[in-house]
Amino acid sequence: MQRIVPHLWFDDTSTEAAAFYVQTFGKNSSVTHTSIIRNTPSGDCDFVQFSLRGFEFMGISGGPAFRINPCISFMVNFDPSRDADAAQDIDRVWNALIDGGKALMNIGEYPFSKRYGWVEDTYGVNWQLILTNPDGEPRPPIMPSIMFTGDNTGKAGEAIDFYVSTFKDAKRGLTAEYPPGASPEPAAKIMFAEFMLENQWFTAMDSGHMHEFGFNEAVSLLVRCDTQEEIDALMNRLSAVPEAEQCGWLKDKYGVSWQMHPTAWEAMMKSGDQPRIDRALKAFLAMKRVNIAALKKAFDGE
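No experiment lies behind these values; they were computed from the predicted model shown. (Residues numbered from 1 in each chain as written. Predicted model: local features only at pLDDT ≥ 70, side-chain atom pairs only at ≥ 80, totals over all residues. Heavy atoms only, no water.)

Caption draft 1: Here's a closer look at the pattern of salt bridges. Inspection of every chain in the model, using the stated rule, returns 17 salt bridges. Taking the shortest distance from any N to any O, the salt bridge between Asp83 and Lys27 comes out at 2.5 Å. With Asp83 in the loop between β5 (72-78) and α2 (86-98) and Lys27 in the loop between α1 (14-25) and β2 (30-40), the pair connects residues that are 56 residues apart, well separated along the chain. Since its relative accessible area comes to 40%, Lys27 is described here as partly exposed. Its salt-bridge partner being Arg53, residue Asp89 comes within 2.6 Å of it at the nearest N-O pair. (Salt bridge = Lys/Arg side-chain N within 4 Å of Asp/Glu carboxyl O. Helix = DSSP H or I, 4+ residues; strand = E, 2+ residues; numbered from the N terminus. Buried < 20%, exposed > 50% of the residue type's maximum accessible area, 1.4 Å probe, protein only.)

Caption draft 2: A look at the sheet that holds strand β6 (residues 102-110). Taken together, eight strands build an open sheet; the order of strands is β6-β7-β8-β5-β9-β12-β11-β10 and the sheet is mixed. The sheet is open, and its two edges are formed by β6 and β10 (171-177), each paired on a single side. Here the strands of the sheet are splayed against their neighbours by 20 degrees on average, with no regard to which way each runs. Contacts from helix α3 (residues 156-166) reach β9 (142-148), β10, β11 (190-197) and β12 (200-206), with the element oriented near 5 degrees to β11. (Pairing = 2+ DSSP bridges. Axes fitted to C-alpha atoms, helices over the stretch in contact; angles between N-to-C directions. Contact = heavy atoms within 4.5 Å.)

Caption draft 3: Highlighting the layout of surface pockets. Approximately 1,100 Å³ is the volume found for the largest pocket. Lining the largest pocket are 41 residues, and of these Met75, Phe112, Tyr116, Met191 and Phe192 sit closest to its centre. Taken together, the elements giving at least two residues each to the lining of the largest pocket come down to β5, β6, β7 (113-120), β8 (126-131), β9, β10, β11 and β12. Space inside the second largest pocket adds up to approximately 730 Å³. Lining the second largest pocket we find 34 residues, and of these Trp9, Ile60, Cys247, Trp249 and Phe284 sit closest to its centre. Listing elements by their share of the lining of the second largest pocket, those giving two or more residues are β1 (4-10), β2, β3 (43-52), β4 (55-61), β14 (249-251), β15 (257-262), α5 (263-269) and α6 (274-285). (1 Å grid on protein atoms, 1.4 Å probe; cavity = no way out; pocket = protein on both sides within 12 Å on 5 of 7 lines; lining within 4 Å. Points joined across faces, edges and corners; volume = space filled by probe spheres on them.)

Caption draft 4: Main features of a nonpolar patch on the surface. On the surface, a nonpolar cluster with roughly 260 Å² of combined accessible area is contributed by Leu104, Met105 and Phe112. Of note, Leu104 is situated in strand β6. (Patch = residues over 30% accessible without salt bridge, like charges linked within 9 Å, V, L, I, M, F, W, Y side chains within 5 Å. Areas by Shrake-Rupley, 256 points an atom, 1.4 Å probe, with all protein chains shown as cover.)

Caption draft 5: Main features of the packing of aromatic side chains. Counted under the stated rule, the structure contains 27 aromatic pairs. Ring geometry for Phe57 against Phe74: centres 5.1 Å apart, planes inclined by 75 degrees, an arrangement best described as edge-to-face. In this pair, Phe57 is assigned in strand β4 and Phe74 in strand β5, connecting sequence segments 17 residues apart. Relative accessible area serves as the criterion here: at 0%, Phe74 is assigned to the buried category. Taken together, the ring pairs in this structure connect Phe10, Phe20, Tyr21, Phe25, Phe50, Phe55, Phe57, Phe74, Tyr123 and Trp127 into an aromatic cluster. Sitting over the face of the ring of Trp201, Arg139 holds its NZ or CZ atom 3.9 Å from the ring centroid. Its guanidinium or amino end placed over the ring of Phe162, Lys253 lies 4.3 Å from that ring's centre, counting from NZ or CZ. (Phe/Tyr/Trp six-rings, centres within 6.5 Å; stacked < 30°, edge-to-face > 60°. Lys NZ or Arg CZ within 6 Å of the ring centre and 35° of its normal.)

Caption draft 6: Geometry of the state of the cysteines. Counted according to the given criterion, the structure contains zero disulfides. No disulfide involves Cys45; its sulfur sits 11 Å from the nearest other cysteine sulfur, which is in Cys247. The closest cysteine sulfur to the non-disulfide-bonded Cys225 is located on Cys247, 15 Å from its own sulfur. (Disulfide = S-S within 2.5 Å.)

Remember that the coordinates give geometry; whether it matters functionally is a separate question.
Here it is in structure tokens:
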């Protein structure tokens, strides 16, 4: 089971977006679960789980409270050593994503790749498509990519060390710094870096330009937790904004949003027993830090 799952907040298009992504990415992609989360502060919300090339996502239609921006994007690796059609496939996916979207970096040849482009799709989600070097160490098809900008510019390296020290099965990978004079923003240090958390690869960078946007709840990183001890330990370690704690959500010291998500809660939501789900949801919405035992009691009507 994938331990850390990107959670995307849409206004009212979560199921539509998931279907579009499944069609666009094709290989090993599917919608795995849909349901309605009832009586939330945003009303009844569509919830969807989907897999793209074997990498899991979750999405919710939660209303217009948050807007996705490029601070967290998704790097999609097209590896010719694994897929003979990679060079053609990257253009096919780009053409689908750019339809109704916009290019942040036009697809083309760059010093670091024969084929690369950064696109914000019609739903606002950001994707970096890259034709990888088949001589390098294999990487998974999709990796969340975290960009540090604004007041966080220059903190990518520090943040990677913090995350690696917080999670299990974690390590740093390749790190490339900006060459002297290469970045218009003097505070920027890390041009590209890889790191692993819970056996999953991520990338990070300091933005070379100042931007008006920053991290928000529109893209959060949901951590599946089996025990209360896991939830408490991660909340204590990561949470830096007490007033942001709600229903297992938290903000860390860089502003990145995380969700501590009990696997027991996920099983309840998939049970199909609506009265029990409604009881558990009422209890869940009243919590700041999730209490698994209290959720189970509410679910069972105790």
